[in-house]
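Letter by letter, the chains look like this.
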Amino acid sequence: MKSNAPAQPASSAVKPRCFARSVLTVLQQERSLEAVTVDREKQTISLATLGRADVAGLSNRITAEFAAAQNSPDAPTCSLLTGNTDCARCDTPLSPAERALVNIRADEHSTTIARVTCPTAPKFWLWRNFPLPKVVQRDVEFLEHADEHDHADEWKWQLALAAACGALALLAAYVVPAAWRIPVFALSFLAGAWFPAEEVWERLQQRMIDVHFLMLAVAVGSASIGAWGEGATLLFLFSLSGGLEHYALGRTQKEIRSLFHDAPKTATVVDELGNEREVKVESLRPGARLLVKPGNQFPVDAEIVRGATESDESNLTGEATPVRKDVGDAVLAGTINLWGAVEVTVTRSAAESSLQKIIRLIREAQHQKAPSQKFTDRFSTWYTYFVMALSLVMFFVWWLGFKLPPFTSDGEIRSAFYRTMTLLVVSSPCALVLSIPSAVLAAIAWGARHGVLIRGGAAVEKLADVNVVALDKTGTLTTGELRVENIESYPSGREPDVARLAYSLERLSTHPLARAITRHGKQHGLVALEFDRFESVTGQGIKARRGGVDTWLGRREWVFSSTQARQLAAPQPPAAGLSEIWLAQDGLVGRIVLRDDIRPQARGVVDELRRENLRTVVLTGDRHAAAEHLWSELHLDEVRAELKPEDKVAAIKSFSDAGSRVAMVGDGVNDAPSLAVAHVGVAMGARGSDAALEQADVVLMHDRLENFLAAFRLSQRARSIIRQNLFVSLGTVAVLVAFAMLGKIPLTLGVVGHEGSTVVVVMNSLRLLLGGHHERQRSSS
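Residues numbered from 1 in each chain as written. Predicted model: local features only at pLDDT ≥ 70, side-chain atom pairs only at ≥ 80, totals over all residues. Heavy atoms only, no water.

A. Summary view of helix α14 (residues 437–449). With 13 residues, α14 extends 18 Å from end C-alpha to end C-alpha; this agrees with the ideal 18 Å at 1.5 Å per step. Of all 13 residues in α14, twelve are buried; the element is thus mostly enclosed. The set of residues buried in α14 consists of P437, S438, A439, V440, L441, A442, A443, I444, A445, W446, G447 and A448. G451, located one to two residues past α14, shows a positive phi value of around 90 degrees. (Helix = DSSP H or I, 4+ residues; strand = E, 2+ residues; numbered from the N terminus. Expected span 1.5 Å × (residues − 1). Buried < 20%, exposed > 50% of the residue type's maximum accessible area, 1.4 Å probe, protein only.)

And the structure:
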């Protein structure tokens with residue numbers, strides 16, 4: 001039978017790729033991203049982020065999704081990119097529940113897709129604009145530390161050449177005939193100056209000079225007046241201290257690299273027919289189904305959909321005990337599947353996995369300078385020019401003013417040029433330049449090795465100043481691993497309906513309560529319902545509509561004030577340590593009771609904080625009864641309950657306005673604004689929300705609250721060592737310069753004092769690595 005419908009062109013069978021769905025996926029995976037605007041008139045893409053973010057990676061990803069949604073030979077353009085807010089004709093349009101998670105605004109010039117969030121959050125957004133390219137493919141780069149491995153053993157070559165420099169200098173001075181002395185000294189100079197000359201050349205190409213230039217200048221000057229022995233001694237000690245410096249920093253890098261096992265390069269994908277094939281990890285995208293066999297690492301962040309096992313998460317969370325994993329549980333990239341063959345679905349691409357994110361944060365932390373280091377960097381540059389000018393002036397003062405011979409020493413009378421070389425050496429700021437970064441890098445390395453990621457030198461310094469510690473309740477003072485304790489329905493007998501409705505509404509949320517309900521639903525095989533409308537009410541709950549019937553899910557007061565549930569004689573609130581979620585629909589009221597235990601270590605940590613003269617304050621959105629129970633159990637200084645995110649921000653600002661330095665410890669998306677305004681933001685664990693991890697100055701990767709104590713004490717020790725280093729470096733320069741100005745110190749002794757102070761500073765900083773276990777023991781005791 002022939003159809004009367006008109007023939008359609010082949011291309012019309014192909015629907016456009018939904019740009020809104022693509023952006024929603026990125027928003028769910030990257031909590032630091034808040035909004036995306038495509039401006040067709042200005043030909044730009046704008047990204048709004050909250051806290052620290054991988055802006056380049058986000059830009060590349062959004063650009064790639066934009067390119068996929070553009071008009072092409074086989075698909076039309078997504079309607080959102082033409083000024084229409086309706087994406088119903090796309091290949092996979094947003095469901096009403098998903099549509100309620102984002103705000104979409106579009107006109108003839110631009111389209112904006114933003115996360116639904118609290119009213120306070122947009123004030124903290126940072127917008128960045130990027131040109132609108134036609135097609136940009138995203139490249140996923142794995143952080144394999146190739147450059148670091150290439151230079152890991154450089155210190156060995158430096159020490160070898162330093163030894164050759166010293167040996168050749170001894171041969172020239174005491175062994176070889178006089179005719180061979182200068183050639184052997186020249187070889188000694190070549191060995192000692194090899195690595196410093198490389199750095200000097202790189203700096204000169206940038207039109208910059210530093211202490212390496214001064215040292216080489218002094219060595220050449222010494223040779224020019226026949227003081228070959230002093231010049232060789234200078235180069236020997238300078239290259240030796242450089243080798244020891246690189247050894248210490250290499251030890252720091254080694255500590256960081258040893259954090260993680262080599263990430264897997266391939267994964268086993270299972271298709272719809274059950275066929276298996278090996279693919280590269282970087283090609284995996286969210287939604288792909290993988291088979292992970294016992295003993296293998298999970299290649300990306302994923303969720304178990306079939307089977308059960310235990311996971312070794314020690315390299316990410318520091319937890320030595322294997323963690324049970326069942327259907328619906330999340331697994332993290334880089335952790336090890338111990339005994340069960342499981343199938344998982346990918347939740348994040350390789351570049352956005354927890355493992356890669358933490359490695360990226362560590363690498364960024366090493367390049368973030370402390371405020372005092374920024375000052376010494378600026379100071380040392382101008383100081384170098386000052387030293388050169390002073391030395392030039394003093395040469396003429398000694399020559400013309402004190403009538404000393406200009407270049408040739410006469411017995412006990414040293415020439416003006418000799419004294420100038422000595423002044424150059426002893427006043428060079430080598431030790432000063434290394435005094436702060438060596439301590440900061442050692443602190444970062446020790447912390448990363450023991451589960452404390454300190455994001456740069458500024459955090460190292462600021463954490464030691466804290467005198468108030470504000471803590472979130474759920475996931476910080478409690479375990480955060482909520483579980484469904486009981487489901488009640490009114491009338492009774494409809495508990496399965498309550499469970500299914502709650503699962504259908506909470507499965508798209510990342511709140512700890514929602515995760516517990518979602519996990520319960522997946523473990524019991526519940527089938528999610530689709531809703532026509534979906535509205536998230538900040539700080540209260542969720543309102544949705546299906547088939548003309550409204551459903552409320554959230555706080556007791558909100559549900560009872562908004563629905564027929566007000567006619568119900570509500571039961572008493574649950575006991576302390578339990579949380580509740582209420583649900584109401586036409587003819588049905590239900591309650592889900594969840595348990596979240598206080599961390600066993602919480603009481604000891606609070607007591608230790610008090611011994612450190614730190615005030616402890618809990619800021620929670622939970623009810624007053626639960627907060628009071630926490631206050632009585634842990635002996636906290638203050639608790640504030642039923643706070644919305646903006647209330648937490650206001651509380652922290654009030655402490656700051658009163659002159660306190662606040663460290664905010666949290667783990668959820670709602671904590672991100674609080675972390676932003678605190679003096680120091682501290683995020684709990686690799687399992688914490690992306691927004692909290694990106695915003696925090698310090699990340700407790702091992703998900704252990706007691707590690708905050710280790711971080712605080714490490715920061716205090718690092719500050720103390722920085723002060724010691726500054727005293728040694730500046731004190732040595734002051735003493736040696738005074739003697740050099742008086743002409744009371746020979747060049748050789750000046751070299752020993754100068755290089756000795758540099759070695760002392762580096763070795764003193766290395767104590768943070770070698771002796772930092774005391775902080776660990778104290779925080780665990």
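B. Examining helix α6 (residues 178–205) more closely. Over its 28 residues, α6 runs 39 Å from end to end, which matches the ideal 40 Å to within 8%, given 1.5 Å per residue. At W194, α6 is bent by approximately 50 degrees, the largest bend along its length, and proline P196 sits one to four residues beyond. For α6, the full list of buried residues reads V184, F185, S188, F189, A191, G192, A193, F195, P196 and V200. Following α6 by one or two positions, R207 adopts a phi angle in the positive range, close to 60 degrees. (Bend = angle between axes of the 7 residues up to and from the residue.)

C. Layout of unusual backbone geometry. Here Y490 and P491 are connected by a cis peptide whose omega angle stands at 5 degrees. Topologically, P491 is positioned in the loop between β17 (483–490) and α17 (495–506). One non-glycine residue, N613, lies in the positive phi region at around 65 degrees. Even without being a glycine, H635 presents a positive backbone phi close to 60 degrees.

D. Layout of the packing of α14 against helix α26 (residues 747–770). Interaxial distance between α14 and α26 falls to 8 Å at its minimum, and their mutual angle equals 15 degrees. Comparing their axes, α26 and α14 come out roughly parallel. In this structure, α14 meets α26 at a crossing whose hand is right-handed. When α14 is examined against α26, the residues S438, A439, A442, A443, A445 and W446 are found in contact with a partner set consisting of V761, S765, L768 and L769. Here the residues of the contact of α14 with α26 are counted per class, giving eight nonpolar, two polar and no charged. (Axes fitted to C-alpha atoms, helices over the stretch in contact; angles between N-to-C directions. Parallel < 35°, antiparallel > 145°, perpendicular 65-115°, else oblique. Left-handed = near helix turned anticlockwise from the far one by under 90°. Contact = heavy atoms within 4.5 Å. Nonpolar A, V, L, I, M, F, W, Y, C, P; charged D, E, K, R; others polar.)

E. Summary view of the pattern of salt bridges. Within this structure, the stated rule accounts for 25 salt bridges. R719 is the partner of D465 in a salt bridge, and the nearest nitrogen-oxygen pair spans 2.7 Å. Separated by 254 residues along the polypeptide, D465 in the loop between α15 (457–463) and β16 (468–471) and R719 in helix α25 (residues 707–741) bring together distant segments of the chain. With a relative accessible area of 24%, R719 lands in the partly exposed category. A salt bridge links E638 to R640; the shortest N-O distance between them is 2.8 Å. Given the relative accessible area of 18%, E638 is considered buried. By sharing partners, the salt bridges in this structure join R483, E485, R595 and D597 into a single network. (Salt bridge = Lys/Arg side-chain N within 4 Å of Asp/Glu carboxyl O.)

F. How the structure looks around the sheet that holds strand β18 (residues 533–537). The six strands are arranged β17-β22-β21-β20-β19-β18 in an open sheet whose pairing can be described as antiparallel. Each edge of the open sheet is held by one strand with a lone partner, namely β17 and β18. Between one strand axis and the next, the sheet turns by 15 degrees as a mean value, whatever way the strands run. Contacting β17, β21 (578–585) and β22 (588–595), helix α18 (residues 512–523) runs over the sheet at an angle of about 80 degrees to β17. (Pairing = 2+ DSSP bridges.)

G. Representation of the packing of aromatic side chains in the model. Counted under the stated rule, the structure contains eleven aromatic pairs. Geometrically, the ring pair formed by F395 and F407 is tilted, given 5.7 Å between the ring centres and 40 degrees between the ring planes. With F395 in helix α11 (residues 371–401) and F407 in the loop between α11 and α12 (416–427), the pair connects residues that are twelve residues apart, well separated along the chain. The buried category is assigned to F395, whose relative accessible area is 9%. For F407, a relative accessible area of 44% translates into the label partly exposed. Here a set of aromatic residues connected by ring pairs shows up, and it is made of F395, F396, W399, F407 and F417. (Phe/Tyr/Trp six-rings, centres within 6.5 Å; stacked < 30°, edge-to-face > 60°.)

H. Focus on the nonpolar core. L477, V698 and F708 are the most contacted members of the largest nonpolar core, which has 49 residues in total. Take this core: its biggest share by element is nine residues, from α25. The residues touching F708, leaving out its near neighbours within four places in the chain, are L463, V469, L609, A663, V665, V682 and L700. Counting 46 residues, the second-largest nonpolar core is a separate cluster that includes V498, A499, F531 and I581. (Core = buried A, V, L, I, M, F, W, Y, C linked by side-chain atoms within 4.5 Å.)

I. Representation of a nonpolar patch on the surface within the structure. Among the surface-exposed residues, L170, L171, Y174 and V175 lie close enough to one another that they form a single nonpolar patch of about 460 Å² accessible area. L171 gets classed as partly exposed once you look at its relative accessible area, which sits at 37%. (Patch = residues over 30% accessible without salt bridge, like charges linked within 9 Å, V, L, I, M, F, W, Y side chains within 5 Å. Areas by Shrake-Rupley, 256 points an atom, 1.4 Å probe, with all protein chains shown as cover.)

J. Up close: the sheet that holds strand β15 (residues 452–454). The mixed open sheet is built from seven strands, whose spatial order is β15-β27-β26-β25-β16-β23-β24. Whereas interior strands pair on both sides, the edge strands pair on one side only; in this sheet they are β15 and β24 (638–640). If you compare each strand with its neighbour and ignore which way they point, the axes differ by 20 degrees on average. Bridging between strand β25 (residues 662–666) and strand β26 (residues 680–684) involves four bridges; their strand directions are parallel. Paired with A663 across the strands is V680, a residue of β26. The strands touched by helix α22 (residues 645–657) are β23 (615–619), β24 and β25; relative to β23, the strand with the most contacts, the crossing angle is about 160 degrees.

K. Molecular detail of the environment of A711. On the secondary structure map, A711 appears in helix α25. Sequence separation of A711 and I444 is 267 residues, and the distance between their C-alpha atoms is 9.9 Å.

L. Layout of the side chain of S729. For S729, the location among the structural elements is in helix α25. Excluding residues within four positions of it along the chain, S729 makes contact with A431, L432 and S435.

M. Highlighting the environment of V23. Within the element layout of this structure, V23 appears in helix α1 (residues 19–29). In sequence terms V23 and R115 are 92 residues apart; their C-alpha atoms lie 9.7 Å from each other.

N. Region of interest: the side chain of T422. Within the element layout of this structure, T422 appears in helix α12. Once residues within four sequence positions are removed from consideration, T422 is found in contact with A740, I745, P746 and L747.

O. How the structure looks around the pairing of β25. Of all five residues that make up β25, five are buried, and the element is covered over most of its length. Here β25 shows no split at all, with V662, M664 and G666 on one side and A663 and V665 on the other all buried. Sheet analysis places β16 next to β25, joined by four bridges and oriented parallel. Bridge pairing links A470 to M664 in β25.

P. Region of the structure containing the confidence of the model for the protein. This prediction gives the protein a mean pLDDT of 78; 79% of its residues lie at or above 70. Averaged pLDDT values for the elements of the protein fall to 43 in helix α4 (residues 146–150) and rise to 94 in β16. In this model residues 1–14 is a low-confidence stretch, pLDDT under 50, and it forms three contacts with partners more than four residues away in sequence or in other chains. When the criterion is pLDDT under 50, residues 133–150 qualifies, and its contacts beyond four places in sequence or with other chains add up to 36 contacts. (pLDDT = per-residue confidence, 0-100.)

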